[in-house]
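# Commentary on secondary and tertiary structure
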Amino acid sequence: MNHTLQQIYYAAINKNKSLGEITDEIDTSFRTEDGEIVVFISVANAYSRALVGMGKNSDSKVALEYAYKQYKSNKPANFKPISVKIDVVTDMRPAKSSQKKVNLEKDTVLYKRGEDGISIGPNFDAAFLPEEVEAYRMIVDQKIKPENIFNAYEKHSLLSKNSLVKRLLTSQSLELYKFQTQSYYIDEEGFTPLYRGHRMYSDLSKQDLRNAVALTKNNYFKNVVNTKGKFIYSYLPQENRNRGGYNILRHAGTTYSMLETYELMPDEHLLNASKRAINYLLKKAKELEINGQKVQVIIEKDQAKLGGNALAVVALAKYTQVTKDKQYLPIMQSMATWMRELQDDNGRFAFHKQKYSTGEATDFVSHYYPGEAILALVRLYQIDGNEQWLDVAENEANFLITIRDKEATSETIAHDHWLLYGLNELYRERPKDIYINHAFFISRAIMQTQILEDNGEPEWKGAFDTHRKPLSTPVACRSEGLSAAYKLAVDHGYDEEAKQIKQALHESIKFQLQMQLRPETTMYLENKKLCLGAVHHGLTNYELRNDYTQHNISSFIAYHNILSQDSK
């Protein structure tokens, strides 16, 4: 199939009228009732949804030629192909096993997201690939949406076929079939087979990770921040719609991830986007008085949060580190002073959230804010050398380890990636055994939940068994935490611990990469430049929220750096 796809790719890129001599046969057991093989050729450019041609014939070479000619007949003059995908139909069955037709108003259709395409009628005259079913939202809440199917007609050269248009738009019921395919993709980077529309990673290299980060840098990160510095918080790519909502902590975290990316791959456009995001973040800072001291706090919806100040300091500290620009040092120190003044006699932060307008503390407790604060305080110390920040960080770390987590077991301990970040940094400044021991305790608890067997779900391998279905960001957060624990292990002679953590990381990162939107997974989407490089919520949930990409990219960078260090 590699050779065949190369021929088709060459023909498309060079705008040939035909494919020429195809030497390889397509291996498929599926044939229509008329004994025909069914193939689809999708051709994408950099900006618009892919064009799709369908071909069928008892001879696979002829079927491919028919599909290519259908694509050519529909190709606009200014369309510049950059990639090609072949889909070979491997299975077909009625959409409703109990009846021939689907009533569009009454009937529901169950389907496997990313696996089932749909055909109106058994002849594939109006048939749409599994990725198109998702990208055009052809099935919503288990109901067929004819108007959404119609939006794909143009890309299939179907608008001129009046009978097919009329059947779709005027019928109360449709004879509907589901089908599955085997997919293969090629672009200038080479050939790859696909599983449910995305590539699988049998292995992983430093270059794979560098390419993944570069894809995000050059696309999502540069397009997700508007001119005022605000992120597109939640985006639904199939609808090309912003979902709304906002979270300033995730804003700060994503800014940090962008600056980590800049550190790895300096890029002035990316730095400018990061600066806009910082400006937006600091517009949320307001003055507050605590214990007679005036301090700055990040306010959102009349709430000051420990995590808000902490992640703001983490982002600003990274900016200071990578640019050597210390303009934000005073506000970082002011934000850290608020955190310091929150500590009680036990060394813990007495509260995690307060109402700004009244000063009233709430009883809300976050498991993750303390780890964020420890990281922020140590990072600030690394810039200004003020030991008081380490004292505050130590107070909280000691409370967490000796009091909060004292009775925790490997089954109950929180998989707290921020605390692992913080303990890695704190141990280097104040090397106490309880810090490194607690870090390894958490990392072992994480690793014991890792899914390492296929068990009929090949996509799940490498994830952690913490949700009903694995999601990208919970796995990414654990990868971040494990990366921090690995640094502790490798730098301080814990070789066996380091080996185990690295093995776990290798598998978890491979799992995460399945959900990064790449050229092959954006072929049928509208806003490709925004989507490319972003990481979606889950294997069958395509929401793009800024923190999903934040945590995944931070983990990719961390593991890239581990592989780089280990190769020296």
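The following refers to the structure shown. (Residues numbered from 1 in each chain as written. Predicted model: local features only at pLDDT ≥ 70, side-chain atom pairs only at ≥ 80, totals over all residues. Heavy atoms only, no water.)

Looking only at helices and strands, the protein features 19 helices and 17 strands. In terms of overall size, the protein behaves like a compact globule, its C-alpha atoms giving a radius of gyration of 27 Å where 568 residues would be expected to give roughly 24 Å. With 568 residues in all, the protein has 60% of them scored as buried. Of the contacts formed within the protein by residues at least 6 apart in sequence, a portion of 70% connects residues at least 24 apart. Put simply, the protein shows about 23700 Å² of open surface, and 44% of that area lies on carbon and sulfur atoms. (Helix = DSSP H or I, 4+ residues; strand = E, 2+ residues; numbered from the N terminus. Rg over C-alpha atoms; globule rule 2.2 N^0.38 Å. Buried < 20%, exposed > 50% of the residue type's maximum accessible area, 1.4 Å probe, protein only. Contact = heavy atoms within 4.5 Å. Areas by Shrake-Rupley, 256 points an atom, 1.4 Å probe, with all protein chains shown as cover.)

Turning to the sheet that holds strand 11 (residues 234–236), a few remarks are in order. In spatial order, the strands read 12-11-17; together these three strands make up an open sheet with antiparallel pairing. At either end of the open sheet lies a strand with only one pairing partner, and these are strand 12 (241–242) and strand 17 (544–545). Sheet analysis places strand 11 next to strand 12, joined by two bridges and oriented antiparallel. Bridge assignment links Leu 236 to a residue of strand 12, and that residue is Arg 241. (Pairing = 2+ DSSP bridges.)

What follows is about the pairing of strand 9 (residues 173–187). Of all 15 residues in strand 9, 13 are buried, a share of seventy percent or more. As judged from the 11 bridges shared by strand 3 (residues 83–94) and strand 9, these two strands associate in the antiparallel manner. Bridge pairing links Ser 83 to Asp 187 in strand 9. Pairing analysis gives four bridges linking strand 5 (residues 117–120) to strand 9, with the strands arranged antiparallel. Looking at strand 9, one finds that Ser 119 is bridged to Tyr 177.

This part covers the packing of helix 8 (residues 248–264) against helix 19 (residues 546–566). Where helix 8 meets helix 19, the axes come as close as 9 Å, and the angle between the chain directions of the two elements is 35°. For the crossing formed where helix 8 meets helix 19, the hand is left-handed. Each of Arg 250, His 251, Gly 253, Thr 254, Ser 257, Glu 260, Thr 261 and Leu 264 in helix 8 lies in contact with helix 19, whose residues at this interface are Asn 546, Asp 547, Gln 550, Ile 553, Ser 554, Ile 557, His 560 and Asn 561. (Axes fitted to C-alpha atoms, helices over the stretch in contact; angles between N-to-C directions. Left-handed = near helix turned anticlockwise from the far one by under 90°.)

Its place among the elements puts Gln 450 in the loop between helix 15 (433–447) and helix 16 (472–491). Side-chain polar atoms of Gln 450 contact the backbone oxygen of Gly 462, separated by 3.0 Å. Here the side chain of Gln 450 touches Ala 504 through a polar contact of 2.9 Å, landing on its backbone oxygen. Non-local contacts of Gln 450, meaning those with residues more than four positions away in its chain, are made with Gly 462, Ala 463, Phe 464, Ala 504, Glu 507 and Ser 508. (Polar contact = N/O pair within 3.5 Å; in protein donor to acceptor, adjacent residues only side chain to side chain.)

The terminal C-alpha atoms of helix 9 (residues 268–282), which comprises 15 residues, lie 21 Å apart, in line with the 21 Å expected from a rise of 1.5 Å per residue. Every buried residue belonging to helix 9 is among Leu 270, Leu 271, Ala 273, Ser 274, Ala 277, Ile 278, Tyr 280, Leu 281 and Leu 282, and all of these are buried. For helix 9, the side-chain oxygen to backbone nitrogen distance between the N-cap and His 269 is 2.9 Å, and the N-cap itself is Asp 267. (Expected span 1.5 Å × (residues − 1).)

Right, let's talk about the environment of Glu 289 for a bit. With respect to the element layout, Glu 289 can be found in strand 13 (residues 285–290). As for Glu 289 and Trp 338, which are separated by 49 residues in sequence, their C-alpha atoms are 8.6 Å apart.

With that settled, the discussion passes to unusual backbone geometry. In this structure, Asn 291 takes a positive phi of about 50° despite not being glycine. On the basis of relative accessibility, which here comes to 56%, the residue Asn 291 falls in the exposed class. Residue Lys 324 is not a glycine yet carries a positive backbone phi of 65°. As for its placement among the helices and strands, Lys 324 is situated in the loop between helix 10 (306–323) and helix 11 (329–342). Classification of Lys 324 by relative accessible area gives exposed; the value is 68%.

Glancing now at the nonpolar core. With 167 residues, the main nonpolar core has Phe 40, Phe 124, Phe 128, Ile 149, Tyr 153, Trp 338 and Met 339 as its most contacted residues. Leave out the neighbours within four places in its chain, and Phe 40 touches Val 52, Gly 53, Met 54, Lys 85, Ile 86, Asp 87, Val 89, Phe 124, Ala 127, Leu 129 and Phe 179. By size, the runner-up hydrophobic cluster in this structure holds 24 residues, among which are Tyr 9, Ile 26, Tyr 71 and Val 84. (Core = buried A, V, L, I, M, F, W, Y, C linked by side-chain atoms within 4.5 Å.)

To continue, consider the environment of Leu 215. In this structure, Leu 215 sits in helix 6 (residues 206–218). Residues Leu 215 and His 156, 59 residues apart in the sequence, show an inter-C-alpha distance of 29 Å.

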